[in-house]
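Take a look at the letters that make up each chain.
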Amino acid sequence: MNTPSQAQVRRAIAEAQTIVVKVGSSSLTEPSGHLDPERLNALVAALARVRLMGGRVVLVSSGAIAAGFGSLGFDARPTDVADQQACAAVGQGLLMAQYEAAFARYGLRVGQILITVSDTIAPQQYRNVRRTLERLLDLGAVPIINENDSLASNEIRFGDNDRLSALIANIVVADALVLLTDVDALYTAPPSEPESKRIAYVPNVEDALEKVQVGGTGSNVGTGGMVTKMEAARVAAVSGIPSVLTCAANAGPAMMGDPVGTAFAPIHDRGSSRRLWIGFAAHPFGTLVADAGAAKAVRGGAASLLAAGVLEVRGEFAAGDAVWIDDEAGNHLAKGLAGFDSEEIPQMLGRNTAQLKRFLGEEYAHPLVHRDNLVLV
Ligand SMILES: Nc1ncnc2c1ncn2[C@@H]1O[C@H](COP(=O)(O)OP(=O)(O)O)[C@@H](O)[C@H]1O
Ligand SMILES: N[C@@H](CCC(=O)OP(=O)(O)O)C(=O)O
């Protein structure tokens, strides 16, 4: 696709029918671990305006831990996982109560959805998330999403909501992604560096990743810093979704297409949201090692991975979990959703469909990974 101009990208954002907005902890809370209702209300005013003009708005809001730790007696954001889980349990309720009241002033309803990483992996959960979001939007409500921090642990969590917001943008087939944080734009280096300069437009975020010096969080409540925001902008861009990054105070102008913050152009046409989901969200639990023929077929794009072409299975996974498909040299060829549990697979290896049917039964005469569930990497 041709690279659009900055004006075209800004216009696409202004005309977006469905828009996903992500706001970070530092934009909603005080360093003391309490909500800042004034800033939250100002954000809601900007979102309500878009909603009342007919836009479909999905809010991905961080801030549960940062809104909860103060009232539980912590001086700073706790680092212990159980403390974080407890703070999130308290803070998420406070956050939603404030959002509910703020949106109600505009006659708008909100609906809370809390997501864990495992919900983004399992196909059935993925479908549930999509269906609930679509129905909420059809009913005119504003879905408010956060990671389910009370059930997340360090080993398996998004941690920040930046990447989650890009995945949500895919699920709801958003026309734009807005990343709101505590800096007004992406800079050539962390803004604390005296030489850093604002970047108004990024035509190709993959190229920019090499040129921009990105750092971690600048606040004591945020987590991902600019690294995860760039990753979110990249996922959106390769999914065909334009994005804009700015501070929460600029939410209104950013959604109106004004030249604030940093705009990121889409770099591909829009793909199937399910495939993007597999490619970006699903964490592989194991590996299927393809022989040379199967590797060639998978690389070619349109083939399923058949048991006849698989040499080895590694790891423990259930049918529907994501797995790597590697060649014999250990290179990742693709990511896909397994059609069988890992323990069922060894008896299937090397057998063609007729043999699988004869020796193991009809239910085994299927690909290990169907081509509809497979994404090249
Ligand atoms: N190149 C950069 N341009 C802008 N900000 C950067 C850059 N590198 C690092 N940062 C830091 O990223 C921070 C925003 O990330 P974070 O604190 O995680 O915010 P949030 O809580 O909104 O997710 C900024 O405050 C800034 O200090
Ligand atoms: N889900 C967590 C988000 C953690 C976090 O700090 O995220 P962010 O502010 O987006 O970098 C929470 O609500 O506290």
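Quick caveat, the model's predicted, so the values are computed rather than measured.

Cut-off values and rules
- Residues numbered from 1 in each chain as written.
- Chains lettered and ligands numbered in written order.
- Predicted model: local features only at pLDDT ≥ 70, side-chain atom pairs only at ≥ 80, totals over all residues.
- Heavy atoms only, no water.
- Pairing = 2+ DSSP bridges.
- Helix = DSSP H or I, 4+ residues; strand = E, 2+ residues; numbered from the N terminus.
- Contact = heavy atoms within 4.5 Å.
- Axes fitted to C-alpha atoms, helices over the stretch in contact; angles between N-to-C directions.
- Phe/Tyr/Trp six-rings, centres within 6.5 Å; stacked < 30°, edge-to-face > 60°.
- Buried < 20%, exposed > 50% of the residue type's maximum accessible area, 1.4 Å probe, protein only.
- Polar contact = N/O pair within 3.5 Å; in protein donor to acceptor, adjacent residues only side chain to side chain.
- Near = heavy atom within 4 Å.
- Nonpolar A, V, L, I, M, F, W, Y, C, P; charged D, E, K, R; others polar.
- Parallel < 35°, antiparallel > 145°, perpendicular 65-115°, else oblique.
- Left-handed = near helix turned anticlockwise from the far one by under 90°.
- UniProt positions renumbered as here; feature names shortened; annotations may be inferred.
- Salt bridge = Lys/Arg side-chain N within 4 Å of Asp/Glu carboxyl O.

### Here's the deal with the sheet that holds strand 4 (residues 56-61)
So, point 1. Taken together, the 8 strands give an open sheet; going across it, the order is 5-6-4-1-7-11-12-10, and neighbouring strands pair in mixed fashion. The sheet is open, and its two edges are formed by strand 5 (110-115) and strand 10 (201-202), each paired on a single side.
So, point 2. Here strand 1 (residues 18-23) runs beside strand 7 (residues 176-181); their pairing, made up of 5 bridges, is parallel. Bridge pairing in strand 7 places Ile 19 opposite Ala 176.
So, point 3. Running over the sheet, helix 7 (residues 162-171) touches strand 1, strand 4, strand 5, strand 6 (142-147) and strand 7 and is turned about 170° from strand 1.
So, point 4. Most of the contacts of helix 9 (residues 225-238) go to strand 7, to which it runs at about 175°, and overall it touches strand 1, strand 7, strand 11 (243-247) and strand 12 (262-264).

### So, the packing of aromatic side chains
So, point 1. In total, this model carries 2 aromatic pairs according to the counting rule given.
So, point 2. An angle of 40° between the planes, with centres 6.4 Å apart, marks the rings of Tyr 99 and Phe 103 as tilted. Remark: Phe 103 and Tyr 99 occur in helix 4 (residues 81-104); sequence separation between them is 4 residues, near one turn of the helix. The same class applies to Tyr 99 and to Phe 103, which are both buried.
So, point 3. With centroids separated by 5.7 Å and ring planes inclined at 10°, the aromatic side chains of Phe 340 and Tyr 364 adopt a geometry described as stacked. Residue Phe 340 is located in the loop between strand 16 (332-337) and helix 13 (353-360), and its partner Tyr 364 is located in the loop between helix 13 and strand 17 (374-376); the two are separated by 24 residues in the primary sequence. Tyr 364 matches Phe 340 in its accessibility class, with the two residues each being buried.

### Some remarks on helix 13
So, point 1. Where helix 13 begins, the side chain of Asn 352 points an oxygen toward the backbone nitrogen of Ala 354, at a separation of 3.2 Å.
So, point 2. Positive phi shows up at Gly 361, right after helix 13, with a value of about 110°.

### Some words on the site of ligand 1
So, point 1. With respect to spatial proximity, 27 residues lie near ligand 1, and among them Thr 181, Asp 182, Thr 217, Gly 225 and Lys 229 are the closest.
So, point 2. Contacts to ligand 1 include Lys 22, whose side-chain N or O atom sits 3.2 Å from an oxygen atom.
So, point 3. One of the backbone nitrogen or oxygen atoms of Tyr 187 is found 2.9 Å away from a nitrogen atom of ligand 1.
So, point 4. At the level of elements, strand 7, strand 8 (186-187) and helix 9 are the ones that each hand at least two residues to the shell around ligand 1.
So, point 5. The element that contributes the greatest number of residues to the shell around ligand 1 is helix 9, accounting for 3 residues.
So, point 6. The class makeup of the residues in the shell around ligand 1 is 10 nonpolar, 14 polar and 3 charged.

### Topic: the sheet that holds strand 14 (residues 310-315)
So, point 1. Sheet architecture is open: 5 strands sit in the order 14-13-15-16-17, paired in mixed fashion. Of all the strands in the sheet, just strand 14 and strand 17 have a single pairing partner and so form its edges. If you compare each strand with its neighbour and ignore which way they point, the axes differ by 25° on average.
So, point 2. Pairing of strand 15 (residues 322-326) with strand 16 involves 5 bridges; the strand directions are antiparallel. Following the sheet pairing, Ile 325 is matched in strand 16 by Ala 334.

### Some words on the packing of helix 7 against helix 9
So, point 1. Between helix 7 and helix 9, the shortest axis-to-axis distance is 7 Å and the interhelical angle comes to 15°. What the angle tells us is that helix 7 and helix 9 run roughly parallel. Relative to helix 9, helix 7 is oriented so that their crossing is right-handed. Facing helix 7, whose interface residues are Asp 162, Arg 163, Ser 165, Ala 166 and Asn 170, helix 9 presents Gly 225, Thr 228, Lys 229, Glu 231, Ala 232, Val 235 and Ala 236.
So, point 2. Split into classes, the residues belonging to the contact of helix 7 with helix 9 amount to 4 nonpolar, 4 polar and 4 charged.

### Section: the UniProt feature "binding site: substrate" (unreviewed entry) in the protein
So, point 1. Here, the residues flagged by UniProt with the feature "binding site: substrate" (unreviewed entry) are Ser 62, Asp 149 and Asn 161. Across 100 residues in sequence, these annotated residues keep their C-alpha atoms within 10.8 Å of one another, forming a single compact spot.
So, point 2. Relative to the elements of secondary structure, Ser 62 occurs in the loop between strand 4 and helix 3 (64-68).
So, point 3. Look past the residues within four positions of Ser 62 in its chain and what remains in contact with it is Lys 22, Val 23, Gly 24, Ser 25, Leu 28, Leu 95, Asn 146 and Asn 161.
So, point 4. As for its position among the elements, Asn 161 is in the loop between strand 6 and helix 7.
So, point 5. You can call Asn 161 buried: its relative accessible area is 3%.
So, point 6. At 2.8 Å, the side chain of Asn 161 and the side chain of Asn 146 are in polar contact.

### Considering unusual backbone geometry
So, point 1. Here Val 173, not a glycine, exhibits a phi torsion of approximately 50°, which is positive.
So, point 2. In this fold, Val 173 is placed in the loop between helix 7 and strand 7.

### A short note on the pattern of salt bridges
Here the idea is simple: oppositely charged side chains can pair when their charged atoms come close.
So, point 1. Per the counting criterion, the structure on display carries 9 salt bridges.
So, point 2. For Arg 234, the salt bridge goes to Glu 231, with nearest N and O atoms at 3.1 Å. Of the two residues, Arg 234 and Glu 231 are both situated in helix 9; the distance of 3 residues between them amounts to about one turn of the helix.
So, point 3. Because the salt bridges share partners, they merge into one network encompassing Lys 22, Asp 162 and Lys 229.

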